[in-house]
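Take a look at the letters that make up each chain.
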Amino acid sequence: MSATKAITGAGAMAEAMRQINPDVVAAFPITPSTQVVEDFSQFVADGKVDTEFVTVESEHSAMSACIGAAAAGGRVMTATSSAGFAYMWELLYVAASMRQPVILTLINRALSGPINIHCDQSDSMGARDSGWIQLYSENNQEAYDNLVMAPRIAEDLKVRLPVMVCQDGFIISHCVQTMKLEDDAAVRDFIGPYIPFHPLLDTDHPVSMGALDLQDYFIEHKRGQYEAMMNAKDVVKKVSDEFARKFGRTYRFFEEYRCDDAERIVVALNSVAGEIKEVIDELRSQGERVGLLKLRLFRPFPYEEVREALSRAKVVTVLDRACSFGAWGPLFAEVRAALYDLPEKPLCYDRVFGLGGRDMLVEDVLSVFAESASVLKKGRVDKVFDFLCVRGGV
Amino acid sequence: MKQRMDGKAGAPAAWQELTPGGIITEAGNSVAYETGTWRSWKPIWNKEACTHCLTCWVLCPEEAIGLVDGATAAGKGRKQIAGIDYYFCKGCGLCVRECPVNKKGKAAPLTFVRDEK
């Protein structure tokens, strides 16, 4: 039976992992790893899962072990965060290019230095070109739901790519919220049995994986990998629709909050969306036409859908919780590129906020909307890129 | 010449024809890989000087040394060297260097020459 539970974001992900009951979990259990691994290891110790739990000596080894286990023919998961995720880097690309549907729970935290592992999205944004599907989650319910959907998306034969499910560090991962935990059997029924694809352990049909691939074939394999990533859009839609029918919660590539007649729309990822919605409700009660587009699917990026959703806005403010030094923010770069083909483009600018866990308070969100009101009034953007809430000003 | 990874004849495969991630589903398809294109030096086998000790056959990393059924002077059956398959011979020179008859410095079963192809 489904149950309403008060649980942390990390705990919600661990519960999803318990229900998925993967064949192998390989993870490095020390900081900056998260409570996800700790909670899941308890499930292993208590015999609540059949998982082979491999405590490796580093995240580099964790992802290596995941790739090997996935190639052998298992359903495989891992969990990490921040610098641990960065240490997986080389193998992130290998998992994606070998088309192994590894599932990663990523708790978004800063990359040092100076030393900091508090909330921002520098970790996952840096890996946006690694070939992983990226799903973002506003709260623990969304993190749980995204994770329940992840194996179906990753393992679809049109896709066969790894998926990372992201949630904000500490703000969500370590904070207790109530959420609906679905019934174990219902989740397992939704996910279904794992169907291996050319597994190495099928010795009647021997295969080689990860062979040398030189100038004459490498780009053809990359072309195929790109196609699989683009196929993921349809599969994400199909799986999300099925999830909605079974569990009653509807997810699309993004959530449009009060966007219907909105003149000024903020685009954001993850937990800050909660505060933005609060502020939008308040401003709407004062007659302001404001809305939020909260992106769920960042890779593959739904350009056409984002363009259509923002086509009637006059001002689009993008909030990036990651900094691409010397460039515009990663979310902004995509959103602005998506708008380029509109005959009448909204004004569009980027604000970086909240690095290293700096709070984004309700009054800060109010000032974001105050600025977008001023941009609308002036009819032009004076600064395309800036930081928010930084001492010393602009 | 370009090779097809699946070992079939014809032009190299288009991306749509490839397996996800380049999984190789045919065991032993390296027989279709022409390592002979790598060669800049070439071993020449001199049948008259060869004692058929098979040292080169054991050591060749590309299995480019061929064997045939033969017989000893006493008429007993044995394997003999048949020659070098230049489709696979990459010209590493290992056979030339390790040939025990070559090492004696008399008639050379294997000589190493510049490959002028």
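Within each chain, residues carry numbers counting from 1 in the order of the written sequence. Ligands are numbered from 1 and chains lettered from A, in the order in which they are written. With the structure being a predicted model, the display of local features is reserved for residues of pLDDT at least 70 and the display and counting of side-chain atom pairs for 80 or more, all residues being used for whole-chain, interface and lining totals.

## Structural notes on the overall build of chain A
At step 1: Scanning chain A from N- to C-terminus turns up 13 helices and 15 strands.
At step 2: In terms of overall dimensions, chain A is globule-like: its C-alpha atoms have a radius of gyration of 21 Å, near the 21 Å expected for 394 residues.
At step 3: The principal-axis extents of the C-alpha atoms in chain A amount to approximately 70 × 55 × 45 Å.
At step 4: Each residue is represented by a C-beta atom placed from its backbone, and any two residues with such atoms within 7 Å are regarded as in contact. Summarising the internal contacts of chain A: among those between residues at least 6 apart in sequence, 81% fall at separations of at least 24. Helix and strand labels come from DSSP, where a helix needs a run of H or I of at least four residues and a strand needs a run of E of at least two; each type is numbered from the N terminus. Values of the radius of gyration come from C-alpha atoms, whereas the globule rule sets the reference at 2.2 Å times the count of residues to the power 0.38.

## Description of the overall build of chain B
At step 1: When helices and strands are counted, chain B shows three helices and four strands.
At step 2: Ordering the α and β elements of chain B from the N terminus gives β-α-β-β-α-α-β.
At step 3: Against the globule reference of 13 Å for 117 residues, chain B gives a C-alpha radius of gyration of 18 Å, more extended than a compact globule.
At step 4: Residue burial is a threshold on neighbouring C-beta atoms within 10 Å of the residue's own C-beta, all placed from the backbone, with 20 or more meaning buried, 12 or fewer meaning exposed, and counts in between meaning partly exposed. Counting across all 117 residues of chain B, residues that qualify as buried make up 19%.

## Observations regarding the domain arrangement of chain A
All names here are of chain A.
At step 1: Partitioning chain A into structural domains gives domain 1 (3-247) and domain 2 (254-387).
At step 2: Segmentation into domains, and thus their bounds, comes from an automatic or database assignment. Centre-to-centre separation of domain 1 and domain 2, based on C-alpha positions: 28 Å.
At step 3: Residue assignment for the side of domain 1 that touches domain 2 shows that the elements contributing at least two residues are α6 (122-126), β6 (133-137), β7 (163-168) and α9 (218-247).
At step 4: Here the residues of the side of domain 1 that touches domain 2 are counted per class, giving 15 nonpolar, nine polar and five charged. Residue classes follow a fixed rule: Ala, Val, Leu, Ile, Met, Phe, Trp, Tyr, Cys and Pro count as nonpolar, while Asp, Glu, Lys and Arg count as charged, and any other residue, Gly among them, counts as polar.

## Brief notes about the pairing of strand β2 (residues 65-71) of chain B
Residue and element names in this part refer to chain B.
At step 1: Pairing between strands requires that DSSP locate at least two bridges from one strand to the other. Pairing analysis gives seven bridges linking β2 to strand β3 (residues 77-84), with the strands arranged antiparallel. Directly across from A71, in β3, lies its bridge partner G77.
At step 2: Counted between consecutive antiparallel strands, the loop separating β2 from β3 contains five residues, among which G75 sits at a positive phi close to 90 degrees.

## What to know about the nonpolar core
Most often, soluble globular proteins have nonpolar side chains that are buried together.
At step 1: Under the definition applied here, buried Ala, Val, Leu, Ile, Met, Phe, Trp, Tyr and Cys residues are grouped into a nonpolar core through C-beta atoms within 7 Å. Counting 119 residues, the largest nonpolar core has M13, C66, I153, V163, V267 and V335 of chain A as its most contacted members.
At step 2: Of the residues that make up this core, three or more belong to each of domain 1 (3-247) and domain 2 (254-387) of chain A.
At step 3: If we ignore the near neighbours within four places in the chain, the residues touching M13 of chain A are V36, T105, A143, Y144 and L147 of chain A.
At step 4: W45, I65, F88 and V96 of chain B belong to the second largest nonpolar core, which has 13 residues in total.

## Things to note about the packing of helix α11 (residues 303-310) of chain A against helix α12 (residues 330-339) of chain A
Residue and element names in this part refer to chain A.
At step 1: Every axis corresponds to a line fitted to the C-alpha atoms, with the helix fit spanning only the stretch in contact, and the corresponding angles, defined between N-to-C directions, vary from 0 to 180 degrees. At a minimum axis distance of 8 Å, the contact between α11 and α12 shows a crossing angle of 75 degrees. Between α11 and α12, the angle is such that the two are roughly perpendicular. Contact residues: α11 offers Y303, V306, R307 and L310, while α12 offers V335, A338 and L339.
At step 2: Here the contact of α11 with α12 is built from residues that sort into six nonpolar, no polar and one charged. Orientation categories follow fixed angle ranges, with anything under 35 degrees roughly parallel, anything over 145 roughly antiparallel, 65 to 115 roughly perpendicular, and all other angles oblique.

## A word on helix α13 (residues 362-378) of chain A
Residue and element names in this part refer to chain A.
At step 1: The span you would expect from a helix comes to 1.5 Å times its residue count less one. A rise of 1.5 Å per residue sets the reference length of α13, with its 17 residues, at 24 Å; its end C-alpha atoms lie 24 Å apart and thus fit the reference within 8%.
At step 2: Within the span of α13, buried status applies to V365, V368, F369, E371, S372 and V375. The buried residues of α13 occupy one face: seen down the axis, they fall within an arc of 155 degrees. Turned more than 90 degrees from where α13 packs its buried face, V362, E363, A370, S374, K377 and K378 sit exposed.
At step 3: As for α13, its buried residues are in contact with β10 (264-268), α10 (272-285), β11 (290-295), β13 (315-320) and β14 (347-352).
At step 4: Backbone geometry just after α13 places G379 at a positive phi near 75 degrees. The directions considered for the arc run from the helix axis to the C-beta atoms.

## So, the sheet that holds strand β15 (residues 385-387) of chain A
Residues and elements named next belong to chain A.
At step 1: Spatially, six strands are ordered β9-β11-β10-β13-β14-β15 in an open sheet, and the strand pairing comes out mixed. The open sheet has two free edges, formed respectively by β9 (254-257) and β15, since each of these has just one partner strand. For this sheet, the mean inter-axis angle between neighbouring strands, taken without regard to orientation, is 20 degrees.
At step 2: Here α10 sits on the sheet and contacts β9, β10, β11 and β13; the angle it forms with β11, its principal contact strand, is near 165 degrees.

## What to know about the sheet that holds strand β4 (residues 76-81) of chain A
Paired through their backbone hydrogen bonds, the strands of a sheet run either parallel or antiparallel.
All names here are of chain A.
At step 1: Read across the sheet, seven strands follow the order β3-β2-β4-β5-β7-β6-β12 without closing on themselves; strand pairing throughout is mixed. Single-partner strands in this sheet number two, and they are β3 (52-55) and β12 (297-299). This sheet shows a mean twist of 20 degrees between the axes of neighbouring strands, independent of strand direction.
At step 2: As defined by bridge partners, strand β5 (residues 103-108) adjoins β7 across six bridges and the pair is classed as parallel. Counterpart to T105 in the pairing with β7 is V165.
At step 3: Strands in contact with helix α3 (residues 59-72) are β2 (24-27), β3 and β4; relative to β4, the strand with the most contacts, it is inclined by about 165 degrees.

## Observations regarding the interface of chain A and chain B
At step 1: Every contact between the two is made by 18 residues of chain A and, on the other side, 13 residues of chain B.
At step 2: Residue contributions to the side of chain A that touches chain B peak at five residues, all from α9 of chain A.

## Looking at the confidence of the model for chain B
Predicted coordinates in areas of low pLDDT are best not read in detail.
At step 1: Confidence of the predictor in every single residue is expressed as pLDDT, which spans 0 to 100. Across chain B, the average pLDDT comes to 89, with 91% of residues at 70 or higher.
At step 2: The complex model carries a pTM of 0.90, and its ipTM stands at 0.87.

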